[in-house]
Every structure is written in structure tokens, then in C-alpha cells.
Amino acid sequence: MNWKADWIHLPGQERDEAPAPGPYVRKAFVLESPPTKATARVTALGLYEVWINGRRVGDVQMAPGWTDYRTRVPAQEYDVTGFLVPGENVIGVKLGDGWYCGKMFVYDRRFYGDHPEFLFQLSMETAGDTEQLLASDATWKATEGPLLYSDIYDGEAYDARKELPGWNLPSFDDSAWKAVATRPVGKKPLIELAEHEPVRVIEERSPLDIDEVEPGRWIFDLGQNMVGRARIMVPGEEGRTITIRFAEMLNRDGTLYTENYRSAKSTDHYTCHGRGGFEQWEPVFTFHGFRYVELSGLPRDVQPDESWVTGVVLHNDIEPTGSFTCSNPLLNQLQSNIVWGQKGNFLEVPTDCPQRNERLGWTGDAQVFCPTASFNFDVLAFFHKWMKDVRDAQKENGLVPLVVPDGFGEGESPAWGDAVAIVPWEVYLRYGDMTILEDNHDAIRKWIAFQKNDSPDLVRADRGFGDWLQPYQENEDQLRGDTERSLIGTAYFAFTAGIAARVAGVLGKPREAAEMERLAADVRKAFTDAFWTNDGRLSSDTQTAYLLALAFDLLPEKHVPAAFQHLLRLINEADGHLRTGFVGTPLLAPTLTRFGREDLAYELLLKETYPGWLYSIRQGATTMWERWNSYSHSDGFGNAEMNSFNHYAYGAIGQWMYETVAGLEPDPEHPGYTHFFVSPQPGGGLDWARAELATARGTVASGWRFEEATLVMEAVVPEGASATVVFPFGETEAILWQGRTVENVAFKYGERTALKTGPGSHTFMIKM
Ligand code: BGC
């Protein structure tokens, strides 16, 4: 991008450990006539909001967004043709610290720089074909104002008495403002227009309940754990400061449970101007993860009502594309919790959690959730953007860091770094988009090479996060589970080498595909040699170990039946419960299904006791939780050091609900649903289930319902696509399609019966 502008900032604002006020910046200029076309290019190191003549430019929140600012800075372009007038015009800007110089990466303030900077360029075309440019430079002015500070972890403070009425309008006297300091743009970092959907206000929620927990301390319950901000409307009284605190959960006494925010203060302060009546305020450069909002500092003897607090939901404006519904209300609640987990954590990067002093792009979490994410929303552009961040973060030697954007350096973990291969592959499969493979091909190869160079005998080191947060560990600090980490690492090495082979195949590189497939086979052999013992089991006798071996096809055929029996035994020993953490859990239901035990997958999914998906729902969850027992009515809260109530990782089960319960399954041979499977496996006592997905070709759907002794199946296939319908049971003569049996068109599909259909909405009746 060609910039004629300079970075500008308010001098004298270098931050130390304390935050500094958010600068206000302005530039007045005169136009003889309004341009026929005007385009503004805008970015900041930090966060910005910009106005022209008092009118807000665009509706992007948390702009310009987050990338590794050392390498790449996102920018926005806005058409502002109608914003300009003959005579005096004014550009007005507010800046915040954001990811750039606020707290980030758990403990750091000023990770990328120590004060916000702004960059702006307005190009104006006039009738006579002349182009005029207005760019940020030394003639701009800046000052401190009512925005006392803003921080993503800690919150925002605003003193309305310090407002600067008319500051972003013409004929305002800015003689007391300072001249800005400037810095040339230079070659690095790269400034690039952001191409994914920006963060916007997506919806607003009103409180369902208001409670005065202590005199003067009012708690508003929004009924849904969400991410965004609270807009308040309070009776104004000059100099009175309202404190706004947040929580995802309440303590037993009704007060806010905030321990799990750890050091994030997540508190806003608003000081009233008192110019009369109610005052409305909403912060602009922070976000919180919360269900409950507490107001304190209100005048005595007031009786708040629901208009005093509005929950403002923020996330990247990704299009909702999928729905999963069924006859079991608990599963529908689970689906809702998964969707809210995604909303809350798709804020510029896929984050682990949105509320504590973390909110980072943990690669492992993103990888396991990616398939489910691409059912619920159109995440194609979002993941394209994040994969660019991943490439920026990958080290010279191919190592993919733990979080992206990276702030931790050299650490590495299997199942985390593997996101570099898994995410592009899943996105390709689900959207049919080859460019995500082309763009990441080198990065995948480098990751495979890194693992190879780093693994004597192709067995990975005992390193990384293990089966993170596996339940039932002897002590709470044992977060990594009891599956050997070298086993997990070697399994993932084989798995991603296999993906690399497929990627090379799709990209038309047969030699490389063969080489990668050989490597994958060698790693599988190394896995068996290292971890399959003479007693006919794996050296880690855990659910997760067997799941990895089976799901990733690591064992020779002859050991597969024994491995599966061990998995069944371990589930049985756990009283029909899962014993898996972040790594094992996503593989459970699909693997049981693949080996013919979808009945057991249903059983695990429908368990209401700990640990299982419905346990949290029985404890009142409205989002996915980090731990299987983040909270229970009987025992209260889990260890607050790691206790997010909005963590999508275990939401990876959503994929199985779409693909197997409802039966809507993409075909890796025909990515992007040009051909797909309608292959439901009714069970779990459900009467019906249905999934629908908006694809580039149109809507695809799979549904089924029992009508007495008949199973009615539905398949929706858009123009230009086809589907293979796989029937869960029934001899061909029991299947009716358009009133006829299907003998002529049906074929055997494994143990099941299938047929192919073209576009249309098809109904099948299967007599049981
Ligand atoms: C995050 C996880 C992440 C993990 C890695 C945690 O702090 O919240 O979701 O994957 O660290 O161990």
C-alpha cells in the first residue's frame, strides 16, 4: 500500500506500568467544493474511531483489528464521498491502547509499542479530474480528553466532565491542542487492507432480571454469557462515578464471581457530567466476557430498570450459515452453547477465551474447533486471515508457536502447532477453496520438516500440553493428563504428514505427495514400534491414546480390533464416561461411530453426570466451559486459575452432531459440498434431527424423523451438486422414494444401503 501519510501521535504519552489517556486527534481543512468521490484509508497502532464533520466513519469496532503488528498492520478503506462539504471540514479521531500497547499475552503491557499511533489518508477526486490528498502529518493536532484510559483486559474509564463539545466539528477552537509528533511509514511493518469481516455490534440484549445484592450494588442478568460491552443509562449527577463490573457467574450469595478473570480487572468507570437528565455511555476500546453486569456508585434511593443496562454483543461479522436442531432440548441447548462459544471467541483471532487476562489465539483450540466453526458460520475469510497470522508467526525452523499472533516465543506443542496443516485442510474440505491450500503449502511443509528434524527415530519428544485438562487427575495441577506426550506428538506427526500428502496431491504434486505419504507411513510404524507393547496394548492405557491410534489409522490392521476393545474397556471402567481432555475429546464420538458403536457415542454425549457435555448444561451453562467441571451446584467453582466459562474447545462435538446425528457430511473427494453425504445415524432416543447449511452452491440439508414404524429421511441438494444418501438401516425393499422401492438405484455402502441423488428436495420412507 502506498502511503503519503506519516504515523502521528500525541507526544509525551509514553506509557509505563500505568495506562495513559486515550488521545483525541483532529485536523481542520478547507475545501472549495465537495469531491465527487472521497476514499479514506485508515489504520492505527492501537485502536481508532474516526469521524468526518462529526459523522462516524464506518461501523467497525476494535479497528483496525489484530495481527502481529511487528510484521503486518491491518487497515480499512471507507467511501466517505458524502461526508465532505464546501468550506471547513474536520477529521476527528479517538485512539485507544488495544492489543498494541495495552495489556496482552497474560502479563505484558506495551508488547508491541508504548503509545498509540494513527495513520490516515483521504483521497478526493473533483470534477476537473484532479486528485487531492489529505494525509496525517505534522499539521494535525492532538490532546487528552475524557477517555482516561482503555485496556482490553482491564476495561475503560471515561470522565464526561472532560468532554470537548464540538471537538470533531468545524469551528472548534483547538489552539490549546498540541502539534502531533510524526514518524515516516517505512517498509516495515506491512500495512494491508483487512479482507475478512470486521468486528461489529451484532446484537443487543436486555436484562432479564435485576437484583440489589448489597445496598447500592445492582446486578443485571442478561441471561446469556456473552462478549462485548454494557451500555449504561444512568441518572446524571456531576462528578458521580459509576463503576461497572462484570462476571460470567454469580457466587452463592448473589455477588459477582470474578476470580476466574485472574488479573484482568474487567471494570469500566463512568464519571457523569451532570448537565441534566439521564446520561448514556458505552466504552469503545475494550470488551468483556460476561453474563452479569454490576452497577455501583449510583445515587441513593434509585430503582434501576432494564433500560439502564444493555448488553452489546461484539464479534467478527461472520455470516451464520448452519443450524442443528433435534428433539432433545438438552442437545439444542448444547448447540446454542457452542454457537455462543464461537461468537464470544471469534473476535479478530480465534481465541481460547474472551474474559480473563488471556484471550489469545491458542492454536490447539482453534484446530479442534475449526470443523464445527465452519458449520455454524461462514469462517472462510476469518480463517484465511488467521492463517496469514500463523504464517507470520511460524519460526525460521518451521516451529508453529502456541498462540497466534505469537507472544510467547519458542514453545511448541503437538496438537497445537498442527493447526498449520489441519485448519487449511478442513477449510478446503468445507468450502472447496484451493487458495487456502496454495497459501499454506509451504508453511505445512516447513512444519513437517520441523517435526522430522526434531524427532530422532520419528518419535516426538515428551513435550507440550498433553491431553490438556483431562478430567479425573489426582491433583488439580496435573493439567496435562496421563497420556504420554510423545505418543500424542507422534500420532499428530503421522496425522499431519498424511494431510501434507493430501495437500500435495490436491495441488498436483504427485512426487511430493508420495514422499509425504512415505513419511506418514514411517511415522505410523515408529508409533507402533514405540507405543504398542508386547501385551497387546498401548503403553499409555488411556482413552485418548487408543482414540489417536484408531482415528489417525496408526496401527497395523492386526492390532486394530484389540485397540478398539481397549477403548471400550476404558469407557466401561469409567462407568460409561469420557476421560479425555482437549486432544482426545474431539475424536471420541467420530471414532466410536466409525467402528460401529454410535450407540455408545450417543450414550457419552447424553450423559448428564460428570464428565460429559450435558453436565455443564444441567449446571446452568449458556456457553461451553473450559473444564468439564468448571462449576457444579454441589461443589461450586473449579480452580479459578483456569476456569473460563466461555471456551469453545469441547464444542468440537458440534461436528459430530451435524455430521452424524443429523447426517450432513462433506466429502473430502468433492470439497465444498459439490458432492456430500446424507448419512444420519439415528439414536440416543431422539425422535428427529435436522441440519442445514448455506454453501456457495445453495442450501444443503439432512434430516430425519420417526413417524411410528417409519423413518422419514430428507435430503436437500442444491443445483449443481449431488449427494449420496446412506440409509442407517433397512433392506432396499423397505425404502420408498417417490412411492417406489429403490432396488434399481440402491447399492451396498459398507454394511449399509445407499443411493445417489441430484438436485432437489428428496424424501425417503423407510419401513422398520
Ligand atoms: C488456554 C487453553 C490453551 C492452553 C494450552 C490455556 O491457558 O486457555 O485453551 O490451549 O492454555 O495449554
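Residues numbered from 1 in each chain as written. Predicted model: local features only at pLDDT ≥ 70, side-chain atom pairs only at ≥ 80, totals over all residues. Heavy atoms only, no water.

Details of helix H4 (residues 380–393)
Then, in step 1: Across its 14 residues, H4 extends 20 Å between first and last C-alpha, which sits within 8% of the 20 Å expected from 1.5 Å per residue.
Then, in step 2: Taken as a whole, H4 has its buried residues at Phe382, Phe383, Lys385, Trp386, Met387, Asp389, Val390 and Ala393.
Then, in step 3: In this fold, the buried residues of H4 make contact with strand E27 (309–316), strand E29 (346–347), strand E30 (349–350), helix H3 (363–376), helix H5 (419–431) and helix H6 (435–453). (Helix = DSSP H or I, 4+ residues; strand = E, 2+ residues; numbered from the N terminus. Expected span 1.5 Å × (residues − 1). Buried < 20%, exposed > 50% of the residue type's maximum accessible area, 1.4 Å probe, protein only. Contact = heavy atoms within 4.5 Å.)

Examining empty space enclosed by the protein
Then, in step 1: With the rule as written, the count across this model stands at five cavities of 30 Å³ or more.
Then, in step 2: Each pocket or cavity is described by its volume, and for the largest cavity that value is around 60 Å³.
Then, in step 3: What lines the largest cavity is Gly612, Trp613, Ser616, Met624, Trp625, Arg627, Trp628 and Tyr650. (1 Å grid on protein atoms, 1.4 Å probe; cavity = no way out; pocket = protein on both sides within 12 Å on 5 of 7 lines; lining within 4 Å. Points joined across faces, edges and corners; volume = space filled by probe spheres on them.)

What to know about the side chain of His566
Then, in step 1: Mapping His566 onto the fold places it in helix H10 (residues 560–573).
Then, in step 2: Exposure remark for His566: the relative accessible area of 15% places this residue in the buried category.
Then, in step 3: Only 2.9 Å separates the side chain of His566 from the side chain of Arg569, close enough to count as a polar contact. (Polar contact = N/O pair within 3.5 Å; in protein donor to acceptor, adjacent residues only side chain to side chain.)

Quick look at the packing of H4 against H5
Then, in step 1: At a minimum axis distance of 11 Å, the contact between H4 and H5 shows a crossing angle of 160 degrees. Classified by the interaxial angle, the pair formed by H4 and H5 is roughly antiparallel. The handedness of the crossing between H4 and H5 comes out as left-handed. Between H4 and H5, the contacting residues are Leu380, Phe383, Trp386, Met387 and Val390 on the first element and Ala419, Val420, Val423, Pro424, Val427 and Tyr431 on the second.
Then, in step 2: When its residues are assigned to classes, the contact of H4 with H5 shows eleven nonpolar, no polar and no charged. (Axes fitted to C-alpha atoms, helices over the stretch in contact; angles between N-to-C directions. Parallel < 35°, antiparallel > 145°, perpendicular 65-115°, else oblique. Left-handed = near helix turned anticlockwise from the far one by under 90°. Nonpolar A, V, L, I, M, F, W, Y, C, P; charged D, E, K, R; others polar.)

Observations concerning the sheet that holds strand E33 (residues 664–666)
Then, in step 1: Read across the open sheet, the five strands follow the order E33-E34-E38-E42-E41; overall the sheet is mixed. Strand pairing shows two members of the sheet lacking a second neighbour, E33 and strand E41 (747–749), which therefore form its edges. Averaged over all neighbouring strand pairs, the angle between strand axes comes to 35 degrees, with direction disregarded.
Then, in step 2: As defined by bridge partners, strand E38 (residues 722–727) adjoins strand E42 (residues 752–757) across five bridges and the pair is classed as antiparallel. Paired with Val726 across the two strands is Ala754, which belongs to E42. (Pairing = 2+ DSSP bridges.)

So, the pattern of salt bridges
Then, in step 1: Following the criterion strictly, the structure yields 50 salt bridges and no others.
Then, in step 2: One salt bridge connects Glu626 with Arg356, and the closest N-O pair in it is separated by 2.8 Å. Residue Glu626 is located in the loop between helix H13 (613–618) and strand E31 (631–632), and its partner Arg356 is located in the loop between E30 and H3; the two are separated by 270 residues in the primary sequence. Like Glu626, the residue Arg356 is buried in the burial classification.
Then, in step 3: Linked through salt bridges whose partners overlap, the residues forming this network are Arg262, Asp352, Arg356, Glu358 and Glu626. (Salt bridge = Lys/Arg side-chain N within 4 Å of Asp/Glu carboxyl O.)

Comments concerning the site of the ligand
Then, in step 1: Surrounding the ligand, one finds Asp352, Arg356, Glu358, Trp362, Asp365, Trp416, Phe465, Trp468, Phe582, Glu626, Met642 and His647.
Then, in step 2: With respect to the ligand, the side chain of Asp365 contributes an N or O atom lying 2.5 Å from an oxygen atom.
Then, in step 3: A distance of 3.0 Å is found between an oxygen atom of the ligand and a side-chain nitrogen or oxygen belonging to Trp416.
Then, in step 4: Protein chains bury 96% of the 310 Å² of accessible surface belonging to the ligand in isolation. (Near = heavy atom within 4 Å. Areas by Shrake-Rupley, 256 points an atom, 1.4 Å probe, with all protein chains shown as cover.)

Looking at the sheet that holds strand E4 (residues 47–52)
Then, in step 1: The strand order across the open sheet built from six strands is E5-E4-E7-E2-E12-E15, with neighbouring strands paired in antiparallel fashion. Unpaired on one side and paired on the other, strand E5 (55–56) and strand E15 (178–179) mark the two borders of the sheet.
Then, in step 2: Across two bridges, the pairing between E4 and E5 is antiparallel. Looking across to E5, one finds that Trp51 is bridged to Arg56.

Observations concerning helix H12 (residues 598–606)
Then, in step 1: Those residues of H12 not exposed but buried are Leu600, Ala601, Tyr602, Leu604, Leu605 and Leu606.
Then, in step 2: If you follow the buried residues of H12, they end up packed against helix H2 (329–345), H10, helix H11 (585–594), H13 and helix H14 (654–662).

Quick look at the layout of surface pockets
Then, in step 1: The volume enclosed by the largest pocket comes to roughly 1700 Å³.
Then, in step 2: Pro590, Arg594, Gln655, Glu659 and Glu665 are, among the 49 residues lining the largest pocket, the residues nearest its centre.
Then, in step 3: If you list the elements that add at least two residues to the lining of the largest pocket, you get H3, H5, helix H7 (485–506), helix H8 (510–531), H11, H14 and E33.
Then, in step 4: The element best represented in the lining of the largest pocket is H11, accounting for seven residues.
Then, in step 5: Partitioned by chemical class, the residues of the lining of the largest pocket number 26 nonpolar, eleven polar and twelve charged.

What about the pairing of strand E26 (residues 288–296)?
Then, in step 1: Of all nine residues in E26, nine are buried; the element is thus mostly enclosed.
Then, in step 2: Two elements, strand E20 (residues 217–235) and E26, share eight bridges in a ladder whose sense is antiparallel. Looking at E26, one finds that Ile219 is bridged to Glu294.
Then, in step 3: With five bridges joining them, strand E21 (residues 241–247) and E26 adopt antiparallel strand pairing. Across the sheet, residue Phe246 finds its bridge partner in E26, namely Val293.

Considering the environment of Pro74
Then, in step 1: Relative to the helices and strands, Pro74 resides in strand E6 (residues 72–79).
Then, in step 2: A relative accessible area of 6% means that Pro74 is categorised as buried.
Then, in step 3: As for Pro74 and Leu45, which are separated by 29 residues in sequence, their C-alpha atoms are 9.4 Å apart.
Then, in step 4: In this structure Pro74 touches Thr43, Pro64, Gly65, Trp66, Thr67, Tyr69, Glu192 and Ala194, once residues within four positions along its chain are discounted.

A word on the packing of helix H9 (residues 543–551) against H10
Then, in step 1: Contact pair H9 / H10: the axes reach a minimum separation of 9 Å and the direction vectors enclose 150 degrees. In this structure, H9 crosses over H10, and the sense of that crossing is left-handed. Facing H9, whose interface residues are Gln543, Tyr546, Leu547 and Leu550, H10 presents Val560, Ala563, Phe564, His566, Leu567, Arg569, Leu570 and Ile571.
Then, in step 2: Per-class residue counts for the contact of H9 with H10 are nine nonpolar, two polar and one charged.

Notes on the packing of aromatic side chains
Any two aromatic rings considered together are summarised by their centre-to-centre distance and by the angle between their planes.
Then, in step 1: According to the stated counting rule, one finds 56 aromatic pairs in the structure shown.
Then, in step 2: Measuring from centroid to centroid gives 5.5 Å for Trp362 and Phe465, while their planes differ by 75 degrees, and the two rings are edge-to-face. Of this pair, Trp362 sits in the loop between E30 and H3 while Phe465 sits in the loop between H6 and H7, and the two are 103 residues apart along the sequence. For the pair formed by Trp362 and Phe465, the shared burial category is buried.
Then, in step 3: With 5.0 Å between their ring centres and 80 degrees between their planes, Trp625 and Phe645 make a pair best called edge-to-face. Of this pair, Trp625 sits in the loop between H13 and E31 while Phe645 sits in the loop between strand E32 (636–637) and H14, and the two are 20 residues apart along the sequence.
Then, in step 4: By relative accessible area, Trp625 is classed as buried at 4%.
Then, in step 5: Grouped by ring-pair contacts, the aromatic residues Trp66, Tyr69, Trp99, Tyr100, Phe105, Phe111, Tyr112, Trp362, Phe408, Trp416, Phe465 and Trp468 constitute a single cluster. (Phe/Tyr/Trp six-rings, centres within 6.5 Å; stacked < 30°, edge-to-face > 60°.)

Just geometry here; none of it tells us what the structure is for.
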